[in-house]
Amino acid sequence: MDGNERLELPVSDDSLPFDSDAATIEDADVFGRLEPAVQEWWLEEFGEFVPENEGFFTPPQRGAIPKIHEGTNTLICAPTGSGKTLASFTSIINYLYNESRESEEGLENSVYCLYVSPLKSLANDIHRNLEVPLEGIEEIVAERDGEESMGEIRHAIRHGDTDSSARQKMLEETPHILNTTPETLAILLNSPKFREKLRTVEYVIVDEIHSLAAGKRGTHLAVSIERLEAMAEGNITRIGCSATIEPLSRVAEFLVGCDTPGGEPRDYEIVDARFAREFDLQLECPTDDLINTPREIVQDRFYRILHEHIQDHTNTIVFTNTRSGAERVLHNLRDGFDAYDEDNSGCHHGSLSKEVRQDIESRLKDGDIDVVTSSTSLELGIDMPHVDLVVQVGSPKSVAALLQRVGRAGHRVGQTVTGRVIALDRDELLECAVMLKKAQEGFVDSVSIPENAQDVAAQHVYGMAIAEIRPETELKGILRRAYPYRNYSEDEYESLMRYLTAEYAGLEEKNVYAKVWRDENDPPDGEHHYEEYPVGERLIGKRGRLARVIYMTNIGTIPDSFTCDVKTRASDEWVGQLDEQYLDTLEKGDVFVLGGDHFEYRYRRGSKVYVDRTSARPTVPSWYSERLPLSYDLGCEILDFQGELVERYEAGGPPRVRAWLREFPLDDDSVRAIARLFDHQCQYAGLESVSTPDRLAIEVVRDREEYERHYYVHSNYGRKVNDGLSRLLAYRCAQAATANVRVAVADNGFVLSMPLNRKVDIEGVIADLESDAVRDDLRASLSGTDLLQRYFRINATRSLMILKRYKGYEKSASEQQVSSEMLLGFAEDLEGFAVIEETYREILEDKLNVEEIEDIVGALDAGDLAVSRRLLDSPTPRAFGLATLSASDVVLAEDESAALQAFHEHVLEEIGEESMAGLTAGSEDE
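Residues numbered from 1 in each chain as written. Predicted model: local features only at pLDDT ≥ 70, side-chain atom pairs only at ≥ 80, totals over all residues. Heavy atoms only, no water.

## A word on the overall build of the protein
Part 1 of the reasoning: A count of helices and strands for the protein gives 31 helices and 28 strands.
Part 2 of the reasoning: Burial status across the protein gives 59% buried among its 926 residues.
Part 3 of the reasoning: Put simply, 73% of the contacts in the protein that link residues at least 6 apart link residues at least 24 apart.
Part 4 of the reasoning: Of the accessible surface of the protein, which amounts to about 36,700 Å², a share of 43% is contributed by carbon and sulfur atoms. (Helix = DSSP H or I, 4+ residues; strand = E, 2+ residues; numbered from the N terminus. Buried < 20%, exposed > 50% of the residue type's maximum accessible area, 1.4 Å probe, protein only. Contact = heavy atoms within 4.5 Å. Areas by Shrake-Rupley, 256 points an atom, 1.4 Å probe, with all protein chains shown as cover.)

## A word on the nonpolar core
Part 1 of the reasoning: Of all hydrophobic cores here, the largest spans 128 residues; its most connected members are Tyr499 and Phe833.
Part 2 of the reasoning: It is helix α17 (residues 454-467) that contributes the most residues to this core, 8 residues altogether.
Part 3 of the reasoning: With sequence-adjacent residues up to four places away left out, Tyr499 is seen in contact with Ala458, Tyr504, Leu507, Val512, Lys515, Ser799, Leu800, Met801, Phe833, Ala834 and Val835. (Core = buried A, V, L, I, M, F, W, Y, C linked by side-chain atoms within 4.5 Å.)

## Things to note about the confidence of the model for the protein
Part 1 of the reasoning: For the protein, per-residue confidence averages 86 on the pLDDT scale, and residues scoring 70 or more make up 88% of the total.
Part 2 of the reasoning: Note that pLDDT drops below 50 for residues 913-926; the model gives that stretch 27 contacts with residues more than four away or on any other chain. (pLDDT = per-residue confidence, 0-100.)

## A look at a negative patch on the surface
Part 1 of the reasoning: Where like charges cluster on the molecular surface, the negative patch consists of Glu44, Glu45, Glu131, Glu135, Glu138, Glu139 and Glu143.
Part 2 of the reasoning: Sorting the residues of the negative patch by element identifies α2 (36-46) and α5 (120-143) as the ones contributing at least two each.
Part 3 of the reasoning: Considering every element that reaches the negative patch, the biggest residue donor is α5, with 5 residues. (Patch = residues over 30% accessible without salt bridge, like charges linked within 9 Å, V, L, I, M, F, W, Y side chains within 5 Å. Salt bridge = Lys/Arg side-chain N within 4 Å of Asp/Glu carboxyl O. Lys, Arg positive; Asp, Glu negative; His and termini not counted. Charge placed at Lys NZ, Arg CZ, Asp CG, Glu CD.)

## Thoughts on the packing of aromatic side chains
Part 1 of the reasoning: Inspection of every chain in the model, using the stated rule, returns 18 aromatic pairs.
Part 2 of the reasoning: Cluster of aromatic residues (ring-pair linked, three or more members): Phe31, Trp41, Trp42 and Phe57.
Part 3 of the reasoning: When the ring centre of Tyr97 is taken as reference, the NZ or CZ atom of Arg101 above it lies at 5.2 Å.
Part 4 of the reasoning: Over the ring of Tyr840 we find Arg779; its NZ or CZ atom is 3.9 Å from the centre of that ring. (Phe/Tyr/Trp six-rings, centres within 6.5 Å; stacked < 30°, edge-to-face > 60°. Lys NZ or Arg CZ within 6 Å of the ring centre and 35° of its normal.)

## Structural notes on the pairing of strand β3 (residues 155-158)
Part 1 of the reasoning: Looking at chain direction, β3 and strand β4 (residues 177-180) are connected through 4 bridges and run parallel. Considered in β4, the bridge of Ala156 is made with Leu178.
Part 2 of the reasoning: A crossover connection joins β3 to the parallel β4 through helix α6 (residues 164-172); in handedness this β-α-β unit is right-handed. (Pairing = 2+ DSSP bridges. Right-handed = clockwise from strand over helix to strand, strands pointing away.)

## Structural notes on the pattern of salt bridges
Part 1 of the reasoning: Inspection of every chain in the model, using the stated rule, returns 55 salt bridges.
Part 2 of the reasoning: In this structure, Glu35 and Arg101 form a salt bridge, with 2.7 Å as the shortest nitrogen-oxygen distance. With Glu35 in the loop between α1 (28-32) and α2 and Arg101 in helix α4 (residues 84-102), this pair connects stretches of sequence that are 66 residues apart.
Part 3 of the reasoning: Arg470 is paired through a salt bridge with Glu468; the nearest N and O atoms lie 3.6 Å apart.

## Considerations on a nonpolar patch on the surface
Part 1 of the reasoning: A cluster of nonpolar side chains, contributed by Leu546, Val549 and Tyr806, occupies part of the molecular surface with about 240 Å² of accessible area.
Part 2 of the reasoning: Accessibility expressed as a relative area gives 37% for Tyr806, which makes it partly exposed.

## What about the sheet that holds strand β14 (residues 470-471)?
Part 1 of the reasoning: The 3 strands lie next to each other as β14-β16-β15, forming an open sheet whose pairing is antiparallel. Sheet topology places β14 and β15 (516-519) at the edges, where each strand pairs with a single neighbour.
Part 2 of the reasoning: Here β14 runs beside strand β16 (residues 539-542); their pairing, made up of 2 bridges, is antiparallel. In the strand pairing of β16, Arg470 is matched with Ile540.

## Topic: the sheet that holds strand β2 (residues 113-116)
Part 1 of the reasoning: An order of β3-β4-β2-β5-β6-β1-β7 is seen for the 7 strands of this open sheet, with the pairing classed as parallel. Edge positions in the sheet fall to β3 and β7 (269-272), since each has one partner strand and no second. Strand-to-strand twist across the sheet, computed as the mean angle between neighbouring axes with direction ignored, equals 15 degrees.
Part 2 of the reasoning: Two elements, strand β1 (residues 74-77) and strand β6 (residues 237-242), share 4 bridges in a ladder whose sense is parallel. Bridged to Thr74 within β6 is Ile239.
Part 3 of the reasoning: Helix α3 (residues 59-69) contacts β1, β5 (203-206), β6 and β7 of the sheet and is inclined by roughly 165 degrees relative to β7. (Axes fitted to C-alpha atoms, helices over the stretch in contact; angles between N-to-C directions.)

## Observations concerning helix α16 (residues 426-440)
Part 1 of the reasoning: Between its terminal C-alpha atoms α16 stretches 21 Å, which fits the 21 Å expected from 15 residues at 1.5 Å a residue.
Part 2 of the reasoning: For α16, the side-chain oxygen to backbone nitrogen distance between the N-cap and Asp427 is 3.0 Å, and the N-cap itself is Asp425.
Part 3 of the reasoning: Note on α16: the residue one or two positions beyond its end, Gly442, has a positive phi of about 90 degrees. (Expected span 1.5 Å × (residues − 1). Polar contact = N/O pair within 3.5 Å; in protein donor to acceptor, adjacent residues only side chain to side chain.)

## Some remarks on the pairing of strand β19 (residues 591-594)
Part 1 of the reasoning: Burial of the side chains of β19 extends over both faces: Val591 and Val593 are buried on one face and Phe592 and Leu594 on the other.
Part 2 of the reasoning: As judged from the 4 bridges shared by β19 and strand β20 (residues 597-605), these two strands associate in the antiparallel manner. Bridge pairing links Leu594 to Asp597 in β20.

## Quick notes on the packing of α2 against α4
Part 1 of the reasoning: Two numbers describe how α2 lies on α4: the axes approach to 10 Å, and their chain directions differ by 145 degrees. Counting all contacts with α2, which are made through Ala37, Val38, Trp42 and Phe46, the residues of α4 involved are Leu86, Thr90, Asn94 and Tyr97.
Part 2 of the reasoning: Grouping the amino acids of the contact of α2 with α4 by side-chain chemistry returns 6 nonpolar, 2 polar and no charged. (Nonpolar A, V, L, I, M, F, W, Y, C, P; charged D, E, K, R; others polar.)

## Digging into the packing of α16 against helix α21 (residues 632-661)
Part 1 of the reasoning: Remark: α16 packs on α21, axes separated minimally by 10 Å, with the N-to-C direction vectors making an angle of 100 degrees. With respect to each other, α16 and α21 are oriented roughly perpendicular. When α16 is examined against α21, the residues Leu430, Glu431, Val434, Met435 and Lys438 are found in contact with a partner set consisting of Leu634, Glu637, Ile638, Phe641 and Gln642.
Part 2 of the reasoning: Residue composition of the contact of α16 with α21, by class: 6 nonpolar, 1 polar and 3 charged. (Parallel < 35°, antiparallel > 145°, perpendicular 65-115°, else oblique.)

## Concerning unusual backbone geometry
Part 1 of the reasoning: Here Glu246 and Pro247 are connected by a cis peptide whose omega angle stands at -5 degrees.
Part 2 of the reasoning: Mapped onto the fold, Pro247 is located in the loop between β6 and α11 (248-256).
Part 3 of the reasoning: Phi at Leu800 takes a positive value of approximately 65 degrees, unusual for a residue other than glycine.
Part 4 of the reasoning: Assignment of secondary structure puts Leu800 in the loop between α26 (786-798) and β26 (805-806).
Part 5 of the reasoning: Even without glycine at this site, Lys807 takes up a positive phi of about 50 degrees.
Part 6 of the reasoning: If you trace the backbone, Lys807 turns up in the loop between β26 and β27 (809-810).

## Points about the environment of Pro654
Part 1 of the reasoning: Structurally, the position occupied by Pro654 is in helix α21.
Part 2 of the reasoning: Remark: the alpha-carbon pair of Pro654 and Ile674, spanning 20 residues in sequence, is separated by 9.8 Å.

## Things to note about the environment of Leu728
Part 1 of the reasoning: Checked against the element boundaries, Leu728 lands in helix α23 (residues 719-737).
Part 2 of the reasoning: Expressed as a C-alpha distance, the spacing of Leu728 and Val774, which sit 46 residues apart in the sequence, is 7.6 Å.
Part 3 of the reasoning: In contact with Leu728, other than residues within four places in its own chain, are Leu769, Val774, Asp777, Leu778 and Ile853.

## Focus: α23
At 3.6 residues per turn, the α-helix brings residues three or four places apart onto the same side.
Part 1 of the reasoning: A rise of 1.5 Å per residue sets the reference length of α23, with its 19 residues, at 27 Å; its end C-alpha atoms lie 25 Å apart and thus fit the reference within 8%.
Part 2 of the reasoning: A positive phi of about 45 degrees marks Thr738, the residue just after α23.

## Regarding the environment of Ala401
Part 1 of the reasoning: Turning to its location among the elements, Ala401 is positioned in helix α15 (residues 399-406).
Part 2 of the reasoning: For Ala401, a relative accessible area of 11% gives the class buried.
Part 3 of the reasoning: Each C-alpha atom, one on Ala401 and one on Thr244, is 8.0 Å from the other, the two residues being 157 residues apart in sequence.

What follows is the structure, encoded as structure tokens:
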């Protein structure tokens with residue numbers, strides 16, 4: 001049938017909800033692949049001819065259903081609410097319905113389709129969505145005279161909260177479609193009885209694949225699917241679903257894995273319907289002057305703008321960048337307007353109870369709530385058909401996050417996605433302007449997939465050895481067919497096996513025991529011999545009677561976390577608690593705010609942090625560990641933007657800049673605020689004070705009040721790169737100046753601070769960097785840090801070196817930390833120890849973006865990136881955010897405003913006096 005032919009339907013014209021003679025649809029071919037009962041159900045459910053879709057199917061459904069029907073591995077990328085998950089299930093239900101009809105016994109008592117999602121709530125939602133088509137099709141079949149019932153297609157959900165009676169029932173009446181999570185799938189693969197039920201699996205759906213691929217949960221899942229593929233009776237069709245991800249080919253390869261160990265990716269198709277919906281996005285700002293306008297006026301205007309948006313729409317979600325921000329926005333809305341109360345407004349984030357979150361989700365689904373504030377917890381998950389506006393407060397730090405969040409509005413194809421971003425500081429205003437423009441152009445930040453993670457490999461090698469004794473080549477082959485291990489070297493594998501077989505002297509004395517054995521299938525008088533394999537074939541098996549229990553109760557990749565008690569060194573006085581993630585950012589001498597007081601960080605012992613009281617200015621804001629980092633890709637786009645803006649400024653001044661900015665999705669206040677920022681910047685410190693793709697701007701400011709010298713590095717590469725680059729430079733500067741160097745890191749740069757009587761040739765330090773030495777230098781800078789201690793604990797626990805659960809005892813995260821601190825020194829002295837190597841790999845590659853740093857240093861070496869240094873009396877406007885970084889906290893809001901005002905007045909004064917563009921006369925030596 002030609003795609004433009006009129007559709008011949010298997011039901012009478014009178015039953016159709018449209019004029020069949022007048023309707024010519026392009027997707028007749030898709031419809032014709034469905035069984036008659038499935039066709040009829042589709043027409044009853046979605047029978048209206050939708051002009052926006054040019055037929056009965058949305059773009060992702062039109063693209064995906066035929067491919068899945070043919071058994072093709074398929075990645076479906078389309079906006080939230082466009083029917084991509086239904087496309088997956090429709091093809092599979094159609095297949096199962098056909099199979100049940102053609103077989104006299106019906107479907108086997110086993111699993112045919114696995115649906116894997118990162119969220120339990122998402123699995124629950126899909127579970128409910130499956131009931132509608134299955135029950136509808138069964139009713140249609142039952143009503144037809146002369147036709148037998150289609151037979152039951154069972155479905156169930158199984159995750160960590162599923163009780164034992166429900167699990168037992170699944171063995172007796174096995175679901176044909178099983179909804180689960182990555183962790184539960186790994187457990188099922190080692191469940192002696194249930195794993196047999198998985199041999200019939202023909203389809204695996206991975207939903208929200210973008211949220212899995214970028215982390216170790218995705219790595220874990222990729223190996224689990226390869227293990228499933230190896231034991232399944234036939235080939236498995238893999239289907240990935242995502243709203244926002246790039247590059248699609250890399251994610252598709254992650255989904256399908258390799259044909260042979262380390263070989264080419266399996267065949268796949270991509271359905272790219274990411275822009276199948278219309279987006280109405282705009283950036284708003286409460287004022288065109290975020291410096292001089294009093295803070296209370298900015299806040300008042302912000303809440304009035306927000307209130308008007310909410311009143312103009314049915315259901316609104318307001319995303320903030322922190323949980324405390326979500327709570328604060330809701331409180332201020334209720335406090336400032338009579339329109340909001342507990343019945344029509346709410347808050348949703350991960351710190352709230354499961355019951356509270358489920359209540360909010362239910363009311364959102366039903367459209368019974370006017371506004372919900374959230375941090376990140378509503379980015380994924382349930383369908384919310386009544387939400388018609390998303391407001392993002394501040395920058396979501398990546399185009400992918402922006403599209404994911406605003407995609408919660410206008411929840412079907414044909415509806416416009418309406419999103420408003422409100423910026424409350426100038427740095428975020430700039431970020432958001434670029435972000436919205438790039439979103440309009442179809443840009444999405446690229447995902448980075450961890451590779452060769454030894455801790456995840458340890459879990460799966462152990463799991464495979466427990467499941468059955470097998471040849472080592474088979475085990476290695478399964479691992480290396482998973483995309484994250486396609487380049488897994490023999491040296492890396494041998495390092496892992498030395499750990500798993502406890503080859504290292506002294507390891508068992510630390511209560512770290514061998515988990516597997518490996519030998520060459522010795523003859524009968526040897527330790528291990530199995531007749532089904534030839535003598536000399538290297539085999540692997542489990543060690544220990546409790547191996548299966550240890551594996552089942554300790555696997556997974558989501559780390560436990562805990563809060564640390566903060567005590568003063570002088571009097572052992574308890575002064576509060578800190579989230580341990582916050583400690584990643586603290587080095588000895590850093591100052592932070594807790595309970596309104598200032599404390600200097602000294603050291604940590606287990607779950608206790610020791611500090612000294614101080615009057616010094618804070619160096620690390622309290623929100624640092626909670627807020628998402630700016631993506632590297634978007635940071636580079638901002639540098640491109642700044643390069644273009646400087647060219648226009650040079651050609652025609654502020655009027656030319658404003659004219660250009662009006663091509664962006666910005667309101668007038670945003671246009672004027674951004675133009676004024678760069679006008680002041682260029683007048684005060686010159687065009688070369690602005691970083692661009694080929695220029696790294698650094699400004700040096702002597703703070704005589706604090707008796708410090710500050711180096712403001714405008715490296716707009718995102719927080720991960722800046723975190724790594726700042727550590728690298730601080731390490732080199734500390735060696736050069738023989739002094740402690742304090743670091744404060746932001747998304748658009750970082751600050752190095754040292755005593756005023758110490759100084760370094762920053763350009764010389766940068767010039768001496770070598771891209772080949774970056775990894776070794778960064779590794780050396782991590783030695784002895786809390787960051788290393790924390791990640792070693794996480795990796796030691798993931799590698800089952802430290803057991804969270806053993807013989808009924810559960811070891812808390814703080815107890816795990818104590819254990820890891822006792823093991824760290826010993827482990828660091830072991831040559832090529834897999835757990836230590838993985839700890840460094842994860843920090844360097846996944847947390848600090850070492851490859852991007854190597855590229856930046858390489859560009860500096862090659863002369864493609866020049867350094868521009870300015871010596872100034874006061875920070876430039878682009879450095880205001882860096883200079884007040886430590887004060888960017890609710891507690892210190894007034895301090896921040898006062899500091900910004902003082903900096904701003906100095907800039908205006910200098911510009912007014914035309915004092916050589918704000919540059920200090922003479923050299924730094926004077």
